[in-house]
Amino acid sequence: PLPHLVLDLQANRLSYNTGTGTATGYGIAPALQVEIREPGRSTPYVSLGYVYASLSLSNVTASGSGVFINAGYEWKWTSGLGIIVGGGACYLGNIKATDGTTTISRDAQLMPMLEFGLRFMFL
């Protein structure tokens, strides 16, 4: 089963409107992806991962974490290039912080996810 496992790392820039301005930051999401077909071929996949998000506004920084699950398809070429398209769901926990004047607040929620990416296989 080991050849069917892929370690996937996603990174994103985030922006979230609050009552006191727009908080910006980043998110990272490592995942374990299971490919259905043998290595090297285009294949459906399922992935389960962890998500971490950090947002800042003025001098306030807030962070939160959660989990996600995605399913999709990866088209692969012999050059090592791949394109992934998928969808799923993410549960992201509370993200809250304040300094008394500036507040970043986002309640925990379950939300849909869409995934599109380019990837290159080095091995």
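To be clear, the structure that these remarks concern was listed above.
Residues numbered from 1 in each chain as written. Predicted model: local features only at pLDDT ≥ 70, side-chain atom pairs only at ≥ 80, totals over all residues. Heavy atoms only, no water.

Caption draft 1: The arrangement of the nonpolar core in detail. Formed by 16 residues in total, the largest nonpolar core has its most connected members in Val51, Phe68, Cys90, Ile95 and Ile104. Those residues within four positions of Phe68 in sequence are excluded, and the remaining contacts are Ala29, Pro30, Ala31, Ser47, Leu48, Gly49, Tyr50, Val51, Ala89, Cys90 and Met113. (Core = buried A, V, L, I, M, F, W, Y, C linked by side-chain atoms within 4.5 Å. Buried < 20%, exposed > 50% of the residue type's maximum accessible area, 1.4 Å probe, protein only. Contact = heavy atoms within 4.5 Å.)

Caption draft 2: Looking closely at the packing of aromatic side chains. Evaluated as defined, the whole model comprises two aromatic pairs. Each ring, one from Tyr26 and one from Tyr52, has its centre 6.3 Å from the other, and the planes form 45°; the classification is tilted. Of this pair, Tyr26 sits in strand 2 (residues 21–35) while Tyr52 sits in strand 3 (residues 43–57), placing them 26 residues apart in sequence. According to the relative accessible area criterion, Tyr26 is partly exposed, its value standing at 42%. (Phe/Tyr/Trp six-rings, centres within 6.5 Å; stacked < 30°, edge-to-face > 60°. Helix = DSSP H or I, 4+ residues; strand = E, 2+ residues; numbered from the N terminus.)

Caption draft 3: Looking closely at the sheet that holds strand 3. If you walk across this open sheet you meet the six strands as 1-2-3-4-5-8, and the pairing is antiparallel. The open sheet terminates on both sides in strands that have one partner only, identified here as strand 1 (5–18) and strand 8 (109–120). Between one strand axis and the next, the sheet turns through 25° on average, direction left out of account. Inspection of the sheet shows strand 1 paired to strand 2 by 14 bridges, in the antiparallel sense. The partner of Leu14 across the bridge, within strand 2, is Gly25. (Pairing = 2+ DSSP bridges. Axes fitted to C-alpha atoms, helices over the stretch in contact; angles between N-to-C directions.)

Caption draft 4: The pattern of salt bridges, seen in detail. Across all of its chains, the model carries five salt bridges by this definition. Salt-bridge contacts for Lys76 lead to Glu35; the nearest nitrogen and oxygen are separated by 2.9 Å. You can see Lys76 sitting in strand 4 (residues 60–76) and its partner Glu35 sitting in strand 2, a full 41 residues away along the chain. Comparing Lys76 with Glu35 shows no difference in burial state: the two are buried. Across the salt bridge formed by Lys96 and Asp107, the nearest N and O atoms sit 3.2 Å from each other. (Salt bridge = Lys/Arg side-chain N within 4 Å of Asp/Glu carboxyl O.)

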